[in-house]
Amino acid sequence: VAIAEQTETPEEAKKRGRSALVNREVIRLVTSGTLTEDNLLEARENNYLVSVAKIENELGFAWIDLSTGDFFCRAVSSSKENFGADIYHVLSKIDPGEIIVSDEMFENEDVLKVLNVYQDKRTVLPQARFNVENAKKRIEKFFNVSDLSVFGALQSAEISAAGIVLDYVENTQIKEKPHIKNIVRISDRQSMEIDVSTRRNLELVCSLSGNKKASLLNAIDLTVTGAGARLFCNRLLNPSIDVEEINLRLDAVDFFLNVPEIRAELRA
């Protein structure tokens, strides 16, 4: 959906001639992955705009939630035989609102099957738009940095994916630059990998019949804010394997169990 607004007053238009029409311009393009309106979003779920890039045997994923500004990227080493399975594995964890892919992706039959699953969510762009050097410059300009090393050791496919997401955001949010947080790189060593089949059978966020109310998440989620609910869901789907982080979380639980008055005040 294109949103157009009047960009001058009738008085200003008349200065250009008595019969001059008042100028109007498209100020924003609304897509399924760039929604920010609270009344159009599920408060307890993220709405991610995701891009997928492929450079040789490397897959890069970048995803942004424009309503919160959260920005993540991840690289996956793959092979031609596993491209489809690896893409599906990552996308199923992110649960995207919209996916940006290159037209070149459709040449792989297994990838095509995966993209057909997300047919109503995919946006296809020419492969030329996924140029790594252009993506690097775009990220540096957007965050006003001289070197991408500030975001960690980003691989080429991650840079390509992150650059195309930012390009898409800038092209759709025409008149207003959204607030986007620094890129957070997700590595394989941060959380437990749960494959699609296991996650489905454990009924973590949805029952086998598709009922969210019959899931583990719904049974134990007592959070009181949308942001808290999203964080809780993310931690359930991506269990930490960092002992230090796990102990910090347990310390926090211990604190709130032992100081009920502070817990009650915060919840209120």
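Report follows, based on the coordinates. Keep in mind that what you see is a predicted model, and the values were worked out from it rather than measured.

## Re the layout of surface pockets
Here is step 1: Of the volumes computed, that of the second largest pocket is approximately 990 Å³.
Here is step 2: Lining the second largest pocket are 21 residues; nearest its centre among them are T223, F232, R235, V253 and F256.
Here is step 3: At the level of elements, α8 (226–237), α9 (243–258) and α10 (260–267) are the ones that each hand at least two residues to the lining of the second largest pocket.
Here is step 4: In terms of residue count, the dominant contributor to the lining of the second largest pocket is α9 (7 residues).
Here is step 5: Split into classes, the residues belonging to the lining of the second largest pocket amount to 13 nonpolar, 4 polar and 4 charged.

## Some thoughts on the packing of aromatic side chains
How two aromatic rings sit relative to each other is given by the distance of their centres and the angle of their planes.
Here is step 1: Summed over all chains, the structure comprises 6 aromatic pairs.
Here is step 2: An angle of 65° between the planes, with centres 5.2 Å apart, marks the rings of F143 and F151 as edge-to-face.
Here is step 3: Its relative accessible area of 7% is what places F151 among the buried residues.
Here is step 4: Centroid distance F255 to F256: 5.1 Å. Interplanar angle 80°. Geometry classified as edge-to-face.

## Considerations on the environment of V22
Here is step 1: Looking at the element boundaries, V22 is found in the loop between α1 (10–14) and β2 (24–29).
Here is step 2: Along the backbone, V22 and K141 are 119 residues apart, and their C-alpha atoms lie at a distance of 34 Å.

## Examining the pattern of salt bridges
Here is step 1: Evaluation of the coordinates by the stated rule reveals 12 salt bridges.
Here is step 2: The residue R74 makes a salt bridge to E193 at a minimum N-O spacing of 2.7 Å. Taken as a pair, R74 in strand β5 (residues 70–77) and E193 in the loop between β8 (184–185) and α6 (196–201) lie far apart in primary sequence, 119 residues in all.
Here is step 3: Assessed through its relative accessible area of 7%, R74 is described here as buried.

## Description of the sheet that holds strand β4 (residues 58–65)
Here is step 1: Within the open sheet, the 6 strands sit side by side as β7-β6-β3-β4-β5-β8. Their pairing is mixed. At either end of the open sheet lies a strand with only one pairing partner, and these are β7 (122–125) and β8.
Here is step 2: As paired elements, strand β3 (residues 49–55) and strand β6 (residues 98–102) share 3 bridges and run parallel to each other. Counterpart to L49 in the pairing with β6 is E98.

## Some thoughts on the side chain of S240
Here is step 1: By secondary structure assignment, the location of S240 is in the loop between α8 and α9.
Here is step 2: In terms of polar contacts, S240 uses its side chain to reach the side chain of E245, at 2.8 Å.

## Description of the nonpolar core
Here is step 1: I64, F71, I139, F143, L166, I180 and I183 are the most contacted members of the largest nonpolar core, which totals 27 residues.
Here is step 2: Mapped onto this core, the elements with two or more residues apiece are β3, β4, β5, α4 (132–143) and α5 (156–172).
Here is step 3: Ranked by residues supplied to this core, first place goes to α5 with 8 residues.
Here is step 4: In terms of nonpolar packing, the next biggest core, distinct from the first, is built from 20 residues, V50, W63, I87 and V90 among them.

About the thresholds
- Every residue gets a number counted from 1 within its own chain, in the order that chain's sequence is written.
- Given that this is a predicted model, residues contribute local features only at a pLDDT of at least 70 and side-chain atom pairs are listed and counted only at 80 or more, while totals for whole chains, interfaces and linings are drawn from all residues.
- In computing side-chain values, all of the structure's heavy atoms are included and hydrogens and water are not.
- With a 1 Å grid laid over protein atoms only, a set of points is called a cavity when a 1.4 Å probe fits there but cannot get out and a pocket when it is open yet has protein on both sides within 12 Å along at least five of seven lines; lining residues have an atom within 4 Å of a point.
- Grid points are joined across faces, edges and corners, and a volume is the space filled by probe spheres set on the points.
- Strands are runs of DSSP state E lasting at least 2 residues, helices are runs of H or I lasting at least 4, and numbering of each runs from the N terminus.
- Classes in brief: Ala, Val, Leu, Ile, Met, Phe, Trp, Tyr, Cys and Pro nonpolar; Asp, Glu, Lys and Arg charged; the others, Gly included, polar.
- Side-chain rings of Phe, Tyr and Trp, where Trp is taken by its six-membered ring, are said to pair if the distance between their centres is within 6.5 Å; with planes under 30 degrees apart they count as stacked, over 60 as edge-to-face, and otherwise as tilted.
- Between buried and exposed lies partly exposed: a residue is buried under 20% and exposed over 50% of the maximum accessible area for its type, with that area taken using a 1.4 Å probe on protein chains only.
- A carboxyl oxygen of Asp or Glu within 4 Å of a side-chain nitrogen of Lys or Arg is what we treat as a salt bridge.
- At least two DSSP bridges between two strands are needed for those strands to be called paired.
- As used in this structure description, the phrase polar contact means that two N or O atoms lie within 3.5 Å; if the pair is within protein, one of them must be able to donate a hydrogen and the other to accept it, and residues adjacent in sequence are counted only when both atoms belong to side chains.
- For the purposes of this section, nonpolar cores are sets of buried Ala, Val, Leu, Ile, Met, Phe, Trp, Tyr and Cys residues that join through side-chain atoms within 4.5 Å.

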